Amino acid sequence: MRIDRLGDLGPAAEVLRALAAAAARRGLAPPAALVGEWFGAEAVIAPTVSVRAVDPAEVFAVPPGAGGDAIGGGWIGYLSYPDAAADGCPPRIPEAAGGWTDSVLRLDRDGCWWHESLSAAPIPAWVAEALSSPAPACVYEIDWEAPDFESHQAGVLACLTAIGAGEVYQACVCTQFTGTLRGSSLEFFAHAVMRTTPARAAYLAGDWGAVASLSPELFVRRVGDDVASSPIKGTLPLQRPPAELLASAKDVAENIMIVDLVRNDLGRVADTGSVTVPELLAVRAAPGVWHLVSTVTATVRQEIPNAALLAATFPPASVTGTPKGRARQLLSQWEPRRRGIYCGTVGMASPIAGTELNVAIRTVEFDADGEAVLGVGGGITADSDPTAEWQECLHKAAAVIDQAHQARARSTAS
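Residues numbered from 1 in each chain as written. Predicted model: local features only at pLDDT ≥ 70, side-chain atom pairs only at ≥ 80, totals over all residues. Heavy atoms only, no water.

Caption draft 1: View of the overall build of the protein. When helices and strands are tallied, the protein shows 9 helices and 22 strands. Since a compact globule built from 414 residues should have a radius of gyration of about 22 Å, the 20 Å found for the protein is in line with a globular shape. For the protein, the C-alpha atoms occupy an extent of roughly 65 × 55 × 40 Å along the three principal directions. Out of the 414 residues belonging to the protein, those deemed buried represent 58%. Of the contacts formed within the protein by residues at least 6 apart in sequence, a portion of 75% connects residues at least 24 apart. Taken as a whole, the protein presents about 15500 Å² of accessible surface, with 54% of it coming from carbon and sulfur. (Helix = DSSP H or I, 4+ residues; strand = E, 2+ residues; numbered from the N terminus. Rg over C-alpha atoms; globule rule 2.2 N^0.38 Å. Buried < 20%, exposed > 50% of the residue type's maximum accessible area, 1.4 Å probe, protein only. Contact = heavy atoms within 4.5 Å. Areas by Shrake-Rupley, 256 points an atom, 1.4 Å probe, with all protein chains shown as cover.)

Structure below.
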């Protein structure tokens, strides 16, 4: 292990742009990035990583690290939401992809960058050169098409019928925006991160396309024997008083039901009696909205591999429903298009720092032709109003969709 102090190199988006430009000039794979609140840092960037399709059963297959300030490197990648949809179409990008990096650049909470290498190698000359030569921002555009209002409303109504019949108590019904990208998916991500500062943002790219996640939600943090999950349920536009969330019986009930589901999922692999809820119904800001956030913790012994933890907990509770199995079955009938990476997970498993994974909401997947898909959804309970649920989807999408409008305005002004 080797750690070198690099000092103030600027914000994560600028470092990411510089590394991407340098990697492209040398014919190397693009960088991958985690930005926000990852491993106690503000950003973790792999300067170049070959992100290839893998078997979904093989993702994040790294022994859990014991934690500490350093990250060093590890396996970085994603795992898509596993279920098909009503149209029966195959995935648009690989179901799972990732790659190993022996080194990372880490931005600490004091604004200092560090180069860390698991193999004790010094910083590559091309990386050092890139960091001293900032790359300019590029222009991109995404032409978004509106999601299908009628199919979303039909899904919500079907869910309400299923709740009335006792098949489920809650389910997350989703819809999709689709669009076409002109320009760089990395620039879309860099621009969005700078404007919205999401807590669990992530970017990965390869020959297959790219994933740009602007998620606020922690799916799993695993350090040594300690595991935590912070499900989000309950949403209010940011311009409304946050106290309204705690006063909403619907939002509170939605959150508590998902907390119980997370407790049940973690209980499958945790030590008996170790599952606790240290935080319940905290109100937190995310891009464009307020959310209700709770945290569930558990003790999961290190000899239990990440594969077993994922088998017990994936897909994330907050994007499925209760009971989980039946909700997933019904959602596959109600939603016309496969979710893809949306509602899956993106993150990193480090043999030193542990494993951290987001819930891939506010996430855009780009295929190799630049076709973009953004999923949005919300939890449906017995007292849900279909029109209000549609508006919630629009509120959640706005912070992501507006990035393309802002980029187009910049291009026109120049």
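Next comes the rest of the account.
Caption draft 2: Local environment of the pairing of strand E15 (residues 232-237). Of all 6 residues that make up E15, 6 are buried, and the element is covered over most of its length. Pairing between E15 and strand E17 (residues 289-299): 4 bridges, direction antiparallel. Across the sheet, Thr235 pairs through a bridge with His291, a residue of E17. (Pairing = 2+ DSSP bridges.)

Caption draft 3: Summary view of the state of the cysteines. Scanning the model with the defined rule gives 0 disulfides in all. Cys89 carries a free sulfur, and the closest cysteine sulfur to it, the one in Cys174, is 17 Å from it. In this model Cys343 remains outside any disulfide bridge; the closest cysteine sulfur is found in Cys174, 4.4 Å from its own. For Cys343, a relative accessible area of 0% gives the class buried. (Disulfide = S-S within 2.5 Å.)

Caption draft 4: Seen up close, helix H8 (residues 324-334). Listed in full, the buried residues belonging to H8 are Lys324, Ala327, Leu330, Leu331 and Trp334. Looking straight down H8, one finds that the buried residues subtend no more than 130 degrees of arc, so they occupy a single side. On its buried face, H8 is in contact with helix H3 (149-164), strand E10 (170-182), helix H6 (249-267), helix H7 (306-313) and strand E18 (321-322). (Arc of directions from axis to C-beta.)

Caption draft 5: Just the environment of Leu16, in detail. Looking at the element boundaries, Leu16 is found in helix H1 (residues 12-25). For Leu16, a relative accessible area of 2% puts it in the buried group. Each C-alpha atom of the pair Leu16 and Ala46 lies 9.1 Å from the other, and the pair is 30 residues apart in sequence. In contact with Leu16, not counting residues within four places along its chain, are Pro31, Ala33, Ile45, Leu186 and Phe189.

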